[in-house]
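The lines below spell out each chain.
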Amino acid sequence: MDLVKEIQRLKVEKNAVILAHYYQVPEIQDIADYVGDSLGLSQKAAETDADIIVFAGVHFMAETAKILNPSKTVVLPDLNAGCSLADSCPPEDFSAFTKKHPDHVVITYVNCSAEIKALSDIVCTSSNALKIVESIPKETPIIFAPDKNLGQYIINETGRDMLLWDGSCIVHEAFSIDKLIELHKKYPDHKIIAHPESETHILDTATYIGSTSGMINFVREHADQKFIVATEAGILHKMQEEMPHTELIPAPAKEDNTCACSECHFMKMNTMQKLYDCLLNESPQIDVDETIRKRALLPIERMLELSK
């Protein structure tokens, strides 16, 4: 069976749209209607007129699409495609944490569950986190969750004194500073670019820090230069596709793996076969409790409004 042809046929037949994150396997990125970062994917999910949204990403992303589109069918190729960062912020614990600081505005990074979003005042992505934080009056105290590394980056950039939740992404904490320094010694003409979910000592080495889409834009604008890329290695597919003559090297991970780079096991759980199956069977579907959905919708809408 030609999976590409069958997926394209089903997509038309069912009026479906395929949204994929940059960290998906190349074949899924190639067949998607839109490939983007969390902000871009949220925006596309908010404006789509498709009846079915196939979300090739992880669970919290598909959940966000469902929050924005309660009447549409949202499917995820593999329901077990979770997120270590989202898992680091259990709703009961976070609820207790926010209750201890009732005067704080709660800003949550989109990489969290619907329950956490429902406990928030506003949501952000790595693309707009600085803008969102700076939109809050300086005298207003802020809780930032769940990513402590992104939070620390924002503190360093804005000078804001934020209360950080102790969460992190295992993929972005997997970069080895020692290996990165060694790699840079070997390739001194390569500039390091990094995602703000990385640890501070990694960010300190970077020429540019930004979201996945921001990193792609930076490479596009400097296509004559060479880069070491410190984020999940799936981003290199689109980067190389857009800038085929630009030399790109993935930043090295602490553990020795087949690509010697940092990969998200959850993102790679989605396959072309699972994508076809979920479109064919319209399953597994993402459902969000209506009370939680309504509460989570408000901070997402506030983010989308500020991101226009």
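Rules of the game
Along every chain, residues carry numbers that run from 1 in the direction the sequence is written. In view of the model being predicted, local features appear only for residues whose pLDDT reaches at least 70, and side-chain atom pairs are presented and counted only at 80 or more, with totals across whole chains, interfaces and linings using the full set of residues. In computing side-chain values, all of the structure's heavy atoms are included and hydrogens and water are not. UniProt positions are given in the numbering used here, feature names are shortened, and annotations may be inferred rather than shown by experiment. Under the DSSP-based scheme used, a helix requires at least four consecutive residues in state H or I and a strand at least two consecutive residues in state E, with every element numbered from the N terminus. Throughout this description, buried means an accessible area under 20% of the type-specific maximum (1.4 Å probe, protein chains only), exposed means over 50%, and partly exposed covers the range between. Note on terminology: a nonpolar core comprises buried Ala, Val, Leu, Ile, Met, Phe, Trp, Tyr and Cys residues joined through side-chain atoms within 4.5 Å. Here a residue-residue contact requires only that any non-hydrogen atoms of the pair lie within 4.5 Å. For two strands to count as paired, DSSP must find a minimum of two bridges between them. With axes taken as lines fitted to C-alpha atoms, and helix axes fitted only over the stretch in contact, angles between N-to-C directions fall between 0 and 180 degrees. Only one rule defines a salt bridge in this text: a Lys or Arg side-chain nitrogen within 4 Å of an Asp or Glu carboxyl oxygen. We call Phe, Tyr and Trp rings a pair once their centres come within 6.5 Å, taking the six-membered ring for Trp, and we label the pair stacked below 30 degrees between planes, edge-to-face above 60, and tilted otherwise.

The name given to the protein in an unreviewed UniProt entry is Quinolinate synthase, with the source organism recorded as Algibacter miyuki. Of the comments in the UniProt record for the protein, the one headed Sequence similarities (unreviewed entry) reads "Belongs to the quinolinate synthase family. Type 2 subfamily."

Caption draft 1: Highlighting the UniProt feature "binding site: [4Fe-4S] cluster" (unreviewed entry) in the protein. The UniProt entry lists Cys 83, Cys 169 and Cys 264 under the feature "binding site: [4Fe-4S] cluster" (unreviewed entry), expressed in the numbering used here. With the annotated positions falling across 182 residues, the maximum pairwise C-alpha distance of 9.4 Å places them together in a single cluster. Turning to its location among the elements, Cys 169 is positioned in the loop between β8 (162-164) and α10 (177-186). Taking the relative accessible area as the measure of exposure, Cys 169 reaches 9% and is therefore buried.

Caption draft 2: View of the nonpolar core. In this structure, Ile 107, Val 229, Ile 235 and Met 239 are the most contacted members of the largest nonpolar core, which totals 100 residues. The residues touching Met 239, leaving out its near neighbours within four places in the chain, are Ile 193, Met 215, Ile 216, Val 219, Val 229 and Leu 248. Grouped together as the second largest cluster of nonpolar side chains are nine residues, Cys 89, Phe 94, Val 106 and Cys 112 included.

Caption draft 3: Seen up close, the sheet that holds strand β7 (residues 142-145). With respect to topology, four strands assemble into an open sheet ordered β6-β5-β7-β8, the strand pairing being parallel. The sheet is open, and its two edges are formed by β6 (122-124) and β8, each paired on a single side. Here the strands of the sheet are splayed against their neighbours by 30 degrees on average, with no regard to which way each runs. The pairing of strand β5 (residues 105-109) with β6 spans three bridges and is classified as parallel. In the strand pairing of β6, Thr 108 is matched with Val 123. Helix-sheet contacts for helix α6 (residues 91-99) involve β5, β7 and β8, and the interaxial angle to β7 is about 165 degrees.

Caption draft 4: Representation of the pattern of salt bridges in the model. The full count for this structure, using the stated rule, is 14 salt bridges. Residues Glu 6 and Arg 9 are paired through a salt bridge, measuring 2.8 Å at the closest nitrogen-oxygen approach. Here Arg 9 and Glu 6 lie together in helix α1 (residues 3-13), a separation of three residues that amounts to about one turn. Relative accessible area serves as the criterion here: at 37%, Arg 9 is assigned to the partly exposed category. When salt bridges with common partners are traced through the structure, they connect Glu 6, Arg 9 and Glu 13 into a single cluster.

Caption draft 5: Seen up close, the packing of aromatic side chains. For the structure shown, the criterion picks out five aromatic pairs. Aromatic pair Phe 94 and Trp 165: ring centres 5.5 Å apart, planes at 85 degrees, arrangement edge-to-face. Of this pair, Phe 94 sits in helix α6 while Trp 165 sits in the loop between β8 and α10, and the two are 71 residues apart along the sequence. With a centroid separation of 6.0 Å and an interplanar angle of 75 degrees, the aromatic rings of Phe 218 and Phe 227 are classed as edge-to-face. Take Phe 218: its relative accessible area is 13%, and that puts it in the buried class. What makes Phe 227 buried here is its relative accessible area of 0%.

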